[in-house]
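Below are the chains, spelled out letter by letter.
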Amino acid sequence: MKNYKITIQYDGTRYSGWQVQKCTPDTIQGKIEHILETLAGHPVEIMGSGRTDAGVHALGQVANFHIEDSFSEQEIFEWIMVFVVAAAMAFVVRTFIFEPVRVDGSSMLNTLTDSEFMIATKFDYWLGDPERFDIVICNYPNTSDGMYRVKRVIGMPDETIELRAGQLYVDGQHIEQNFDMASATRDFGPYTVPPGHYFVIGDNRGNSKDIRSIMVGPLSLDETKGHVRAVVFPFGGMRLIKN
């Protein structure tokens, strides 16, 4: 069912502006005939597409007509509401449920590569805290560029972290790292993570600006914005991300 706007040329005069609402192509012919009868003052019959012959009676004039789709105020309002609702849903989804994020740079090799697109769930850290080896999207302290960083959590609040020849030690105990990271020889620590904060680092530890930099420091839970769950693009590299 559509709304139509009809323009008619009859007896040298152009008539326009009729709004014929909720018609199908099968019923609009009757609507046009009714308008022409009003103009001609006698019954008329549509003889072909785009014109009607009213000359059987009276003046013998030929009326030409044009039909075009017309949007009513109600339809315009409905379309506006569709876009408003869609925008609101997109905002809610990106704020509270999940968000697509692009990898920028090589700091997460070999787990993530430059320009890959990931899906990060947002609700995880509303309901609980990060766990060791979660890959997270985060805002760095003391930065205002609006960009997310992608790093891995290796240290929890109040733990003492030390990196020696690429190996991880927590409170003096060696912790296995069962993920594919770039080789690194740079040592760090020991470093005690402040209460309510997390030690995050890139898997490519020789080329990652992270908590080890005095310009970054440890992350609070509020600065940890999502949990990376999957790579979705390029399609050939689609995969789930495991801790």
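Residues numbered from 1 in each chain as written. Predicted model: local features only at pLDDT ≥ 70, side-chain atom pairs only at ≥ 80, totals over all residues. Heavy atoms only, no water.

Draft legend 1. Spatial organisation of the environment of threonine 143. The residue threonine 143 is located in the loop between strand S8 (135–138) and strand S9 (149–155) in this model. For threonine 143, a relative accessible area of 38% puts it in the partly exposed group. Put simply, threonine 143 and methionine 215 are 72 residues apart on the chain and 9.2 Å apart in space, counted from C-alpha to C-alpha. (Helix = DSSP H or I, 4+ residues; strand = E, 2+ residues; numbered from the N terminus. Buried < 20%, exposed > 50% of the residue type's maximum accessible area, 1.4 Å probe, protein only.)

Draft legend 2. Representation of the environment of valine 232 within the structure. Within the secondary structure, valine 232 is located in strand S16 (residues 224–233). With a relative accessible area of 28%, valine 232 lands in the partly exposed category. In sequence terms valine 232 and valine 101 are 131 residues apart; their C-alpha atoms lie 9.9 Å from each other. With near-sequence residues (within four places) excluded, valine 232 lies in contact with Phe117, Ile119 and Met238. (Contact = heavy atoms within 4.5 Å.)

Draft legend 3. Seen up close, the environment of valine 101. Relative to the elements of secondary structure, valine 101 occurs in strand S6 (residues 98–102). Not counting residues within four places of it along the chain, the set of residues in contact with valine 101 comprises Glu116, Phe117, Met118, Ile137 and Tyr148.

Draft legend 4. Molecular detail of the pattern of salt bridges. In this structure the tally under the stated criterion is seven salt bridges. Note that arginine 132 is salt-bridged to glutamate 159, the shortest N-O span being 2.7 Å. You can see arginine 132 sitting in the loop between helix H3 (124–127) and S8 and its partner glutamate 159 sitting in the loop between S9 and strand S10 (160–164), a full 27 residues away along the chain. Look at glutamate 159 and you get buried, because its relative accessible area is 13%. Across the salt bridge formed by glutamate 162 and arginine 164, the nearest N and O atoms sit 3.1 Å from each other. (Salt bridge = Lys/Arg side-chain N within 4 Å of Asp/Glu carboxyl O.)

Draft legend 5. Looking closely at the packing of aromatic side chains. Tallied over the full model, the rule gives seven aromatic pairs. Judged by centre distance (5.9 Å) and plane angle (70 degrees), the ring pair of tyrosine 191 and phenylalanine 199 falls under edge-to-face. Tyrosine 191 gets classed as partly exposed once you look at its relative accessible area, which sits at 23%. Taken together, the aromatic side chains of Phe117, Phe233 and Phe235 make up a single cluster linked through ring pairs. The residue whose ring lies beneath arginine 152 is phenylalanine 179, and the NZ or CZ to ring-centre distance is 3.7 Å. The side chain of arginine 164 reaches across the aromatic face of tyrosine 169, ending 3.9 Å from its centre. (Phe/Tyr/Trp six-rings, centres within 6.5 Å; stacked < 30°, edge-to-face > 60°. Lys NZ or Arg CZ within 6 Å of the ring centre and 35° of its normal.)

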